[in-house]
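Secondary and tertiary structure notes
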Amino acid sequence: MPTLSSFRVLVAPGLYNSGPLHWQSRWQRLYPAFERVEQEKWDAPVLEVWSQRLQHQLRQSEQPTLVIAHSFGCLTTVHAALTDIPNLAGALLVAPADPDKFDVSQAVRGQLPVPAIVVGSLNDPWMESGRARQWAQTWGADYVDAGALGHINAESNLGDWLYGQSLLQRLVQQTSLFPGAWGQREPARRSTVQR
C-alpha cells in the first residue's frame, strides 16, 4: 500500500494565494517537502495561464504526484488533469470555485483520469454545496460534505485541519485502487460521502 511519502505533493492555492493561517500553508509547515505552485499574478486567475504553470511544475519530476488544491486552484488542477499529465496520481479539491463564476465551465468539464476527492461546505460563498456535489459527479470524484465551514480557508479557523489531513490519507489509499494506478486512464466508480 502506498503512503504519503510515496508521492511528490504540490499545493495549488486559489485567488490571492493562501496566507500563513490558511490550512494549506500550515500543512506546508507540517510537511516541508510539500511544494507550492506559485502563480505570477495571484490577483488575476486566468485558467489557461494557471494551468500551464501547474503542468510545468508537474513535469519537473516523474515521481507520482498528488495535488492539494483550494478554490480556483481546484479549477486549475482539473484543467491540468484533463490534459493528460502521466505522473499525476490524485487530487484533493477543497472548496472549488464555481466554474460559471469564471466562465470556464466548458474547460473543466470532464471525467478526471485520476482519483479525486471534492470537499464542499454547506455555506461556501464561492460554490453552493449542491453545485459542488454536481461538479464532483462530473469529474468522477468522491464528494465529502465538510459541514458549514464557509470557504474552508483561513477565516474558517481550521488550524492544521486534521480532518482534511485524514482525507489526504484517504486519497493516498485510493490511488492504489484506481485502475492502472497512474497509467491507464480508465475511470473508477466513485461514491458520495456525508460527514
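Up top you'll find the structure we're talking about.
In what follows, the accompanying structure is described.

How each quantity is defined
- Residues numbered from 1 in each chain as written.
- Predicted model: local features only at pLDDT ≥ 70, side-chain atom pairs only at ≥ 80, totals over all residues.
- Heavy atoms only, no water.
- Helix = DSSP H or I, 4+ residues; strand = E, 2+ residues; numbered from the N terminus.
- Buried < 20%, exposed > 50% of the residue type's maximum accessible area, 1.4 Å probe, protein only.
- Core = buried A, V, L, I, M, F, W, Y, C linked by side-chain atoms within 4.5 Å.
- Contact = heavy atoms within 4.5 Å.
- Salt bridge = Lys/Arg side-chain N within 4 Å of Asp/Glu carboxyl O.

**Focus on unusual backbone geometry**
- For Asn-17, which is not glycine, the phi torsion reads 70° and is therefore positive.
- If you trace the backbone, Asn-17 turns up in the loop between β1 (8-12) and α1 (23-30).
- One non-glycine residue, Ser-71, lies in the positive phi region at around 55°.
- For Ser-71, the location among the structural elements is in the loop between β3 (65-70) and α3 (72-81).
- A relative accessible area of 7% means that Ser-71 is categorised as buried.

**Focus on the nonpolar core**
- One finds Val-67, Leu-75, Leu-93 and Trp-139 to be the most contacted residues of the largest nonpolar core, which totals 34 residues.
- Of all the secondary-structure elements, those providing two or more residues to this core are β1, α2 (47-58), β3, α3, β4 (88-94), β5 (116-120) and α4 (129-139).
- In terms of residues, this core owes the most to one element, α3, which gives six residues.
- If we ignore the near neighbours within four places in the chain, the residues touching Trp-139 are Leu-75, Val-78, Leu-93, Pro-96, Val-108, Gly-110, Gln-111, Leu-112 and Val-118.

**Quick look at the pattern of salt bridges**
- Here the structure, examined in full by the defined rule, presents six salt bridges.
- Between Asp-160 and Arg-26 there is a salt bridge, with the nearest N and O atoms lying 2.8 Å from each other. Of this pair, Asp-160 sits in the loop between β6 (142-145) and α5 (162-177) while Arg-26 sits in helix α1, placing them 134 residues apart in sequence.
- A salt bridge links Arg-53 to Glu-40; the shortest N-O distance between them is 3.2 Å. Remark: Glu-40 occurs in the loop between β2 (35-36) and α2 and Arg-53 occurs in helix α2; sequence separation between them is 13 residues.
- Arg-53 gets classed as partly exposed once you look at its relative accessible area, which sits at 28%.
- In this structure, a network of salt bridges that share partners links the residues Asp-98, Asp-100 and Arg-131.

Treat this as a map of the structure, not an account of what it does.
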